[in-house]
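Structure assessment
The primary structure of each chain is shown beneath.
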Amino acid sequence: MGLPNVGKSTLFNALASRRLAETAPRPFTTIEPHEAVVPVRDSDLEKLAELVKPEKTIPATVTFIDIAGLVAGAHKGEGLGNQFLAKIREVDAIVHVVRAFYDPSVVSQNEKYETGSQEQIYDDIEIVNIELELGGIKDKPSVIVLNVGEDDINSLDTKEKIIAVTEKFKIATIAISAKIEEDLIDFNEDERRQYLSQAGVSETGLEKLIKTAYSMLDLITFYTIKGGKEVHAWSLKRGASAIEAAEKVHTDFAKGFIKAEEILVHRLLELGRQVGETHHDIWTLAREKGLVKLEGRDYIVQDGDVIEFKVGS
Ligand SMILES: Nc1nc2c(ncn2[C@@H]2O[C@H](COP(=O)(O)OP(=O)(O)O)[C@@H](O)[C@H]2O)c(=O)[nH]1
Ligand SMILES: [Mg+2]
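Residues numbered from 1 in each chain as written. Chains lettered and ligands numbered in written order. Predicted model: local features only at pLDDT ≥ 70, side-chain atom pairs only at ≥ 80, totals over all residues.

Next up on the list: the overall build of the protein chain. Helix and strand content of the protein chain: 12 helices and 11 strands. When its C-alpha atoms are laid out on the principal axes, the protein chain stretches across 70 × 45 × 35 Å. With 313 residues in all, the protein chain has 32% of them scored as buried. In the protein chain, 68% of the contacts between residues at least 6 apart in sequence involve partners at least 24 apart. (Helix = DSSP H or I, 4+ residues; strand = E, 2+ residues; numbered from the N terminus. Buried ≥ 20, exposed ≤ 12 C-beta atoms within 10 Å, placed from the backbone. Contact = placed C-beta atoms within 7 Å.)

Here you go:
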């Protein structure tokens, strides 16, 4: 969310890797909120899949929603205000997109300050914060995304803005170029890697954003391998128990829960490295070696657990 014409839909499109939402150089092009279920890149999941060689690999996901721009007075119903605030109440976390790029061809909502200046950025954030507060939305995990110009993604100016905004608003802040992310959609894996090394960054802005969203929600990841057929990463609230994890995988699993067999993904990968190509069933091997632990329903799931649920009917 954020003010109109800051690049929300452009960023959202990049996230969705398809042009679901309309973008246009006019405010209020987004009437209906759009949802995108976005896979979370996970190198442990990739390694686990290489080891287990399942028919199918399914990553954890974060669902992003593109919401129409907010204007001052939204809490009184200005613009699409009420609809906007109602939608925000439902989400687990807020990605607040702020305009930090200069482009005279894109109408700015802020007439008081020069577009892309520190003052404009502060002012925009404050306008939105006031509306959220008056709309009764408090204490939601949030991240501020400064949508900076293409040439500014690694600049000193951007680094300083990130620090200033983080300190002023006490909210995690990252910089992204929505335009670059939009261009990256059409890149294949090789081109993407080449871009990253040229730009001198280890991950795209989107990856950074997805990861930030994930950690903001205080989620951990556990894995199931379904007898070697399907390697699946799941997100879970930190501190959740085995029975809650079972419920995520299948409601019937929670009902018929007997026990959970569990091993950390790193231990399983390590075992895989030790035995090389000679094993057929890594799970059975890990179990035979006594590396798989038996846990009850109240076991607190650890980040990186690979779990096999034992259920009765
Ligand atoms: N130059 C430039 N234009 C952008 C950038 N991000 C978005 N725009 C343009 O700004 C306009 C509004 O973008 P949009 O994503 O629809 O904004 P929204 O109202 O926040 O959803 C579109 O014409 C975009 O192409 C950017 O990083 N740089
Ligand atoms: Mg939009």
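A separate point is the nonpolar core. Within the largest apolar cluster, 38 residues are counted, with the highest numbers of intra-cluster contacts made by Leu11, Leu15, Phe84, Val98, Val145, Leu146 and Leu209. Take this core: its biggest share by element is five residues, from strand β4 (residues 94-100). Valine 145 has contacts with Val95, His96, Val97, Val98, Ile174, Ile176 and Leu209, leaving out every residue within four places of it along the chain. Counting 28 residues, the second-largest nonpolar core is a separate cluster that includes Ala260, Ile263, Ile282 and Ala286. (Core = buried A, V, L, I, M, F, W, Y, C linked by C-beta atoms within 7 Å.)

In this section: the pairing of strand β7 (residues 219-224). Counting buried residues along β7, five of its six residues qualify, which places the element largely inside the surrounding structure. Looking at chain direction, β7 and strand β8 (residues 230-237) are connected through six bridges and run antiparallel. Of the residues in β8, the one forming a bridge with tyrosine 223 is alanine 233. Here β7 folds back onto β8, and the loop between the two strands holds five residues, one of which, lysine 226, carries a positive phi near 45 degrees. (Pairing = 2+ DSSP bridges.)

Residue lysine 170 is not a glycine yet carries a positive backbone phi of 55 degrees. Tracing the chain through its elements places lysine 170 in the loop between α5 (156-169) and β6 (172-176). The exposed category is assigned to lysine 170, around which 9 C-beta atoms lie within 10 Å. Residue aspartate 218 is not a glycine yet carries a positive backbone phi of 55 degrees. Relative to the assigned elements, aspartate 218 resides in the loop between α8 (205-216) and β7.

Turning our eyes to something else, we now look at the pairing of β6. Here strand β5 (residues 142-148) runs beside β6; their pairing, made up of five bridges, is parallel. Within β6, the position partnered with leucine 146 by the bridge is alanine 175.

With that settled, the discussion passes to the packing of helix α2 (residues 43-52) against helix α11 (residues 265-275). As a packed pair, α2 and α11 sit with axes 10 Å apart at the nearest point and diverge in direction by 40 degrees. Taken as axis vectors, α2 and α11 run oblique relative to one another. The handedness of the crossing between α2 and α11 is left-handed. Judged by residue contacts, Asp44, Lys47, Leu48 and Leu51 of α2 engage Val265, Leu269 and Gly272 from α11. Broken down by class, the residue content of the contact of α2 with α11 amounts to four nonpolar, one polar and two charged. (Axes fitted to C-alpha atoms, helices over the stretch in contact; angles between N-to-C directions. Parallel < 35°, antiparallel > 145°, perpendicular 65-115°, else oblique. Left-handed = near helix turned anticlockwise from the far one by under 90°. Nonpolar A, V, L, I, M, F, W, Y, C, P; charged D, E, K, R; others polar.)

Looking now at the domain arrangement of the protein chain. What the domain assignment lists for the protein chain is domain 1 (8-30 + 67-216) and domain 2 (219-311). Taking only C-alpha atoms into account, the centre of domain 1 sits 37 Å from that of domain 2. (Domains from an automatic or database assignment.)

Note on placement: threonine 224 falls in strand β7. With 90 residues separating them along the chain, threonine 224 and leucine 134 place their C-alpha atoms 43 Å apart. Those residues within four positions of threonine 224 in sequence are excluded, and the remaining contacts are His232, Trp234, Val249 and Ile307.

This brings us to helix α4 (residues 118-134). Here α4 spans 24 Å end to end across 17 residues, near enough to the 24 Å set by a 1.5 Å rise per residue. Contacts from the buried residues of α4 go to β4, β5 and α5. In the stretch just after α4, glycine 136 is the one whose phi turns positive, near 80 degrees. (Expected span 1.5 Å × (residues − 1).)

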